[in-house]
Amino acid sequence: MNDPDSVGVLISGPAEAELSVVLFRGGWADVDYFDGMDDGGALPASGIASAREFGVRLDGWVARVFGQSSYSGGPNL
């Protein structure tokens, strides 16, 4: 049986901006970004207790890197 410890996403945007997120089953994520200009690095991401909380944090990370929200407010996140 295959039981992965993590899942990752890479989001690309304008001006070569990128957000890389790897969520680990232990409740933390590796989050790295480059805004396409002169800012980049790692963002804090520990203590993630639910899928909903991960969605809220992802929304904040996207807003920080791309200046917009990824979450539309739907009930299933």
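Residue positions are given per chain, counted from 1 along the sequence in the order it is written. With pLDDT at 70 or above as the cut-off, local features in this predicted model cover only qualifying residues; side-chain atom pairs require 80 or more to be listed or tallied, and sums for whole chains, interfaces and linings still use all residues. Note that water and hydrogens are dropped before the side-chain values are worked out from all heavy atoms of the structure.

1. Thoughts on the nonpolar core
Soluble, globular proteins show a tendency: their nonpolar side chains are buried together. Selection criterion: For our purposes a nonpolar core is just a set of buried Ala, Val, Leu, Ile, Met, Phe, Trp, Tyr and Cys residues, chained together by side-chain atoms within 4.5 Å. Relative accessibility thresholds used throughout: buried, under 20% of the residue-type maximum; exposed, over 50%; partly exposed, between the two (1.4 Å probe, protein chains only). Put simply, DSSP marks the helices as runs of H or I at least four residues long and the strands as runs of E at least two long, and each gets a number from the N terminus on. Whether two residues are in contact is decided by their heavy atoms, any of which lying within 4.5 Å being enough.
If you look at the biggest cluster of nonpolar residues, it comprises 16 residues, and the most contacted ones within it are Leu 19, Val 21, Ala 29, Val 31, Phe 54, Leu 58 and Trp 61. For this core, the secondary structure elements donating two or more residues are β2 (18–24), β3 (28–34) and α1 (51–66). Per-element accounting of this core gives the leading share, six residues, to α1. Once residues lying within four places of it in the same chain are set aside, the contact partners of Trp 61 are Leu 19, Val 21, Ala 29, Val 31, Leu 43, Pro 44, Ala 45, Ile 48 and Phe 54.

2. Brief notes about the sheet that holds β3
Cut-off, in case you're wondering: In this analysis, strands are considered paired if DSSP registers two or more bridges between them. Lines are fitted to the C-alpha atoms to define the axes, a helix being fitted only along its stretch in contact, and any angle between axes, read from their N-to-C directions, falls within 0 to 180 degrees.
Spatially, four strands are ordered β1-β2-β3-β4 in an open sheet, and the strand pairing comes out antiparallel. For this open sheet the edge positions go to β1 (6–12) and β4 (40–43), each flanked by a neighbour on one side alone. Ignoring which end each strand starts from, the neighbouring axes of this sheet average 10° apart. In this sheet, β3 lies alongside β2 in antiparallel orientation, the contact comprising seven bridges. Residue pairing across strands places Leu 19 opposite Tyr 33, the latter belonging to β3. In the packing of α1 onto the sheet, contacts are made with β1, β2, β3 and β4, and the angle to β2 comes to roughly 160°.

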